[in-house]
Amino acid sequence: MIKDNIWNIFQKVRKKNPLIQNITNFVVMPYTANILLAAGASPIMSNITDEFKELYKATKAISINIGMLDPLWEKNIIESLKIAKAHGLPVVFDPVGSGATNYRTNFSKKIIKEFNIKVVRGNPSEILSLSSSLNANSSNASKGVDSCIDSEQVLEHAKIIAKTYNTIIALTGKDDYVTDGEQIYKLSNGSVLMQKVIGMGCTLSSFIASFIAVEKNYLNSAVAAVAIYGVAGQLAERISSGPGSFQQNFIDTLYHLKKENFINNLIILKC
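The model shown is predicted, which means the values in this text are computed figures rather than measured ones.

1. Details of the UniProt feature "binding site: ATP" (unreviewed entry) in the chain
Inference 1: UniProt records the feature "binding site: ATP" (unreviewed entry) for Arg121 and Thr172 in the present numbering. On the basis of their most widely separated C-alpha atoms, the annotated residues across 52 residues gather in one place, lying no more than 7.4 Å apart.
Inference 2: Position of Arg121 relative to the elements: it lies in strand S5 (residues 119–122).
Inference 3: Take Arg121: its relative accessible area is 5%, and that puts it in the buried class.
Inference 4: Those residues in contact with Arg121 that sit more than four places away from it in its chain are Phe93, Asp94, Pro95, Ile127, Ala170, Thr172, Gly201, Cys202, Leu204, Ser205 and Ile208.
Inference 5: Reaching out from Arg121, the side chain makes a polar contact with the backbone oxygen of Gly201 at a distance of 3.1 Å.
Inference 6: For Thr172, the location among the structural elements is in the loop between strand S8 (168–171) and strand S9 (176–179).
Inference 7: If we ignore the near neighbours within four places in the chain, the residues touching Thr172 are Arg121, Gly122, Asn123, Pro124, Ser151 and Leu204.
Inference 8: Separated by 2.7 Å, the side chains of Thr172 and Arg121 make a polar contact.

Have a look at this one:
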């Protein structure tokens, strides 16, 4: 996958302005919405199943985030996924905190087993927890919603999960990896400041949803989203003095991102 193809997918987002349904946590909603708008997508935040029975008609993709998981959110997530499955809407799933508690881990495994998830985006501990070959809860791989391990350590598990569930795994950390179980792309942009701003990972999941809404080769669209996001983070860091200014600079950098700047800074390797 060449850099021009990645850029072209991003331009599809900007041109088509896809409506993205986000079932996400309250902590990140405003920032997620602002970043999707800066990218050219159109966000809507609703976790009400009865409402989604009408909204799905205009929706082009869904991002599911379990950061605020409780029995009511469970019900709404499941019902929304049933609607998405019935009408062929692509879904990105973010298993926030999976691996930290049995509750989150078991619910996350249920989602990827029972529904046709197109992309799973998570940090190393979250992705590791989805593996059927080990009990990630006892591995001390996470600290709350943060990972204590590197992406590369989890890559083989990510490949197996992708193959098993016919999905794309976007494994994000110091280096990012995107795989369909066979092909692997390594992306090495981003910024350490992204770890200091709440919601950057959660928002990336919704960002990926805006790309799979316009490009049905889900490996390519996931790679493109991670690539654009990482370069925007790297460029935003250069003009930021800390996490506060970075948060705003990221939105502006993404909004003004030009092809030449993107091409010249992207670090991508097909493994």
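We are not done yet, so read on.
2. A look at the side chain of Thr253
Inference 1: Along the chain, the position of Thr253 falls in helix H10 (residues 243–256).
Inference 2: Residue class for Thr253 comes out buried when judged on its relative accessible area of 12%.
Inference 3: A polar contact of 2.7 Å, which involves the side chain of Thr253, links it to the backbone oxygen of Asn249.
Inference 4: The contacts of Thr253, once residues within four sequence positions are left out, are Ala232, Leu235, Ala236 and Ile239.

3. As for the pattern of salt bridges
Inference 1: Counting across every chain of the model gives 8 salt bridges.
Inference 2: A salt bridge links Asp50 to Lys53; its shortest N-O distance comes to 3.4 Å. Here the residue Asp50 and the residue Lys53 both occupy positions in helix H3 (residues 49–55), the gap between them amounting to 3 residues, near one helical turn.
Inference 3: Lys53 gets classed as partly exposed once you look at its relative accessible area, which sits at 46%.
Inference 4: Of the charged contacts, one joins Asp94 and Arg121 as a salt bridge, the two residues approaching to 2.9 Å between their closest N and O atoms. Here Asp94 is found in strand S4 (residues 91–94), whereas its partner Arg121 is found in strand S5, with 27 residues between them in sequence.
Inference 5: The exposure class assigned to Asp94 is buried, which follows from its relative accessible area of 0%.

The rules behind each value
- Residues numbered from 1 in each chain as written.
- Predicted model: local features only at pLDDT ≥ 70, side-chain atom pairs only at ≥ 80, totals over all residues.
- Heavy atoms only, no water.
- UniProt positions renumbered as here; feature names shortened; annotations may be inferred.
- Helix = DSSP H or I, 4+ residues; strand = E, 2+ residues; numbered from the N terminus.
- Buried < 20%, exposed > 50% of the residue type's maximum accessible area, 1.4 Å probe, protein only.
- Contact = heavy atoms within 4.5 Å.
- Polar contact = N/O pair within 3.5 Å; in protein donor to acceptor, adjacent residues only side chain to side chain.
- Salt bridge = Lys/Arg side-chain N within 4 Å of Asp/Glu carboxyl O.

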